[in-house]
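# Inside the fold
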Amino acid sequence: APLLSFMFQYGGVVSVDVVEASGSQTSRKDLLILRNLRDGVKKLRLLDIKVGQVTAQAGWQGKSRIRAAKQAVIDGHTNSQAEGFRLEGFDSPPAALLSAESMLDETAALKVGTSVKMLKRLNLQRMTAAQFISHFLDVHDASASSFAKRQSQQAAPAQRVAEAEAADAGDQTALLSQAETQEFVLISCIRQLAALVRACRAVPAPQQWIGSSVMLAFDSASRLPREALRREPEAVARVHIFDWGRSELNTPAMHERLEESVRLERQKYWGYYCGGVAKLLHECCRVYLLRFWHAKRSLYIGLWDKDRITQDDFIGRCVVPLEEYHHRQYMLSDFKGNQVSASFLWGMKATVGVSLKPLPLPEDSRLRDAWTVHLHSAGNLPAKDIWSHNDTVAEVSGLDAEATSLGDLTQQAKQLVAREAAQLTTVAVDQREPVWEEELEVATLTEASRASLLSALAVAMDMEGRPEEEVVKEMQDYFPTQVRAAVSQEVFVALQARFAKRCCPRVSR
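A few points on the structure.

The rules behind the values
- Residues numbered from 1 in each chain as written.
- Predicted model: local features only at pLDDT ≥ 70, side-chain atom pairs only at ≥ 80, totals over all residues.
- Heavy atoms only, no water.
- Phe/Tyr/Trp six-rings, centres within 6.5 Å; stacked < 30°, edge-to-face > 60°.
- Helix = DSSP H or I, 4+ residues; strand = E, 2+ residues; numbered from the N terminus.
- Buried < 20%, exposed > 50% of the residue type's maximum accessible area, 1.4 Å probe, protein only.
- Lys NZ or Arg CZ within 6 Å of the ring centre and 35° of its normal.
- Axes fitted to C-alpha atoms, helices over the stretch in contact; angles between N-to-C directions.
- Left-handed = near helix turned anticlockwise from the far one by under 90°.
- Contact = heavy atoms within 4.5 Å.
- Arc of directions from axis to C-beta.
- Pairing = 2+ DSSP bridges.
- Polar contact = N/O pair within 3.5 Å; in protein donor to acceptor, adjacent residues only side chain to side chain.
- Parallel < 35°, antiparallel > 145°, perpendicular 65-115°, else oblique.
- Nonpolar A, V, L, I, M, F, W, Y, C, P; charged D, E, K, R; others polar.

### Some words on the packing of aromatic side chains
All told, the structure shown has 13 aromatic pairs when counted by the stated rule. Ring plane angle 10° and centroid distance 4.1 Å describe the contact between F314 and F335, whose orientation is recorded as stacked. One end of the pair, F314, is in strand β10 (residues 313-321); the other, F335, is in the loop between β11 (325-331) and β12 (351-359), with 21 residues separating them in the sequence. Accessibility expressed as a relative area gives 18% for F314, which makes it buried. Ring pairs connect the aromatic residues W209, W270 and Y273, which therefore count as one cluster. Positioned above the aromatic ring of F492, the side-chain terminus of R286 is 4.0 Å from the ring centre.

### A word on the packing of helix α6 (residues 129-137) against helix α11 (residues 260-293)
Each packed pair of helices is defined by two parameters, the angle between the axes and the distance between the axes. Between α6 and α11, the least distance of the axes is 10 Å, while the angle of their chain directions is 60°. Remark: the crossing between α6 and α11 carries right-handed chirality. On α11, the residues that touch A129, A130, F132, I133, S134 and L137 of α6 are L280, E283, C284, V287 and R291.

### So, helix α14 (residues 468-478)
For the α-helix, the turn length of 3.6 residues means that residues three or four positions removed from each other point alike. Of all the positions in α14, only V471, E474, M475 and Y478 are classed as buried. Considered in projection along α14, the buried side chains sweep an arc of 100° and stay on one side of the axis. Pointing more than 90 degrees away from the buried face of α14 are the exposed residues E469, K473 and Q476.

### Comments concerning the pairing of strand β4 (residues 85-91)
Most of β4 sits out of view: 6 of its 7 residues are buried. One ladder, built from 6 bridges, connects strand β3 (residues 44-51) with β4; its direction is antiparallel. Across the sheet, the residue bridging to L46 is D91, located in β4.

### Structural notes on the side chain of T426
Residue placement: T426 occurs in the loop between β15 (423-424) and β16 (435-445). Among the residues examined, T426 registers a relative accessible area of 0% and is labelled buried. At a separation of 2.5 Å, a polar atom in the side chain of T426 contacts the side chain of E438. Sequence-distant contacts of T426, that is, excluding residues within four places in its chain, are made with A95, A96, S99, A142, S145, F147, T392, V393, W436 and E438.

### Describing the sheet that holds β16
Spatial strand order, β11-β12-β13-β16: 4 strands in an open sheet with antiparallel pairing. Bordering the open sheet on either side are β11 and β16, each of which pairs with just one other strand. Recorded for the sheet is a direction-independent mean angle of 25° between the axes of neighbouring strands. Of the strand pairs in this sheet, β12 and strand β13 (residues 367-379) are connected by 8 bridges, and their pairing is antiparallel. Bridged to T351 within β13 is G379. The strands touched by helix α9 (residues 178-202) within the sheet are β13 and β16, with β16 carrying the most contacts at an inclination of about 55°.

### Topic: the packing of α9 against helix α13 (residues 451-460)
Their axes nearest at 8 Å, the elements α9 and α13 cross at an angle of 15°. Looking at the two axes, α9 sits roughly parallel to α13. Classified by chirality, the crossing of α13 by α9 is left-handed. On the side of α9, the interface is formed by I187, I190, R191, A194, A195, V197, R198 and R201, while α13 contributes S452, L453, S455, A456, V459 and A460. Here the residues of the contact of α9 with α13 are counted per class, giving 9 nonpolar, 2 polar and 3 charged.

Following this line, the structure appears as structure tokens:
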């Protein structure tokens, strides 16, 4: 029964007369009535996350061997294999993701022998959870970026007017800041995912929900109104389970009548599903902790050349102190700390222009010590593309260590702490001197607001009613997110699997 609350709102069944396409025949059909998710929403941002490391089985619910084999190839080359789930769809994506997708054109598709549509879909499917969660939370204004200006030139006049009116609408002081909106949306998703894990743990018989999905969604038309803080976090975002085309409802009585081999099959696939949901929760918590839990002492800025098909090329980075200044130029270095330049000539050092100022927050805010980071532009960057200028994207994150202690970032573990939950600018496509003019925000959670995450973890790990210090200790064991406690990617993968087992000890795989 607890799982029912995660399904779409159900209005019943209606019998209607359906006219065939030919128009010559009418038949009676029963239709389910479900609430439209876009009801009451101006701009629904939605993630369709297909759960399970195996998303198809030959012979199950009409799945052919050929189609199951094709699906197995997709499973093996996407995030399904890596984390036990993959992103299948992204409605109303932010400008940062749209700018990256704009590079996936016909030329790029021809190189890999597919269509533009399939290439964009594969791009989503290969994203890690940390990557698509960061895009999901992105509500920053990119209207002054070079990407937005290029899009505006291509848009119809009526569309440009509508977008300008939408940007100017409403009292901005009555809205939460970017960082506040991101935090409240994410904790809303975390609390609901934790409840979903608990509901899965309580299911009396293992289910075989192959290829079904979990949905995360919220209204991204603007930042949240400040009065949203007076609501329960669950009212801000939505978490649903859906896509039952190849699923069945298994009851204890039905399960007992199955042959032993079939029961084991049900147990295996239910383990894939529960483990996938728990791992998704783990990654949401990891992003939350990296972004909001620890006090910020410095700012990491990394520049990368975005590639269409292959991995992105590192350009340079800097770690700067959190102090107020206007349009300061910082020199970029590699991860070892060596300065980066466009050439061997003196005076051609690569730089990035940044402004930084404190962000005042009201007393009712869940965050403290907030900063606004304005990324202006970059210059004298080394060329990473042969036939064109760089396609440069900047990533920004607040770190819990002093800038002076982070001159050397060659250790992969420290790079993960800096990059995994970083916020992204748009891609400055084919620009020798990239221009962004975009503002991002970093902030820290108040002590009083920490209880929301701890209570969610207690629900997920079946620790409700246990002392808070025990939950904190478990959290620290599963989520080493401070620079001084940084661990490698391999260790994080192992911790993710252990967390899933902790949440669903009987079935998780």
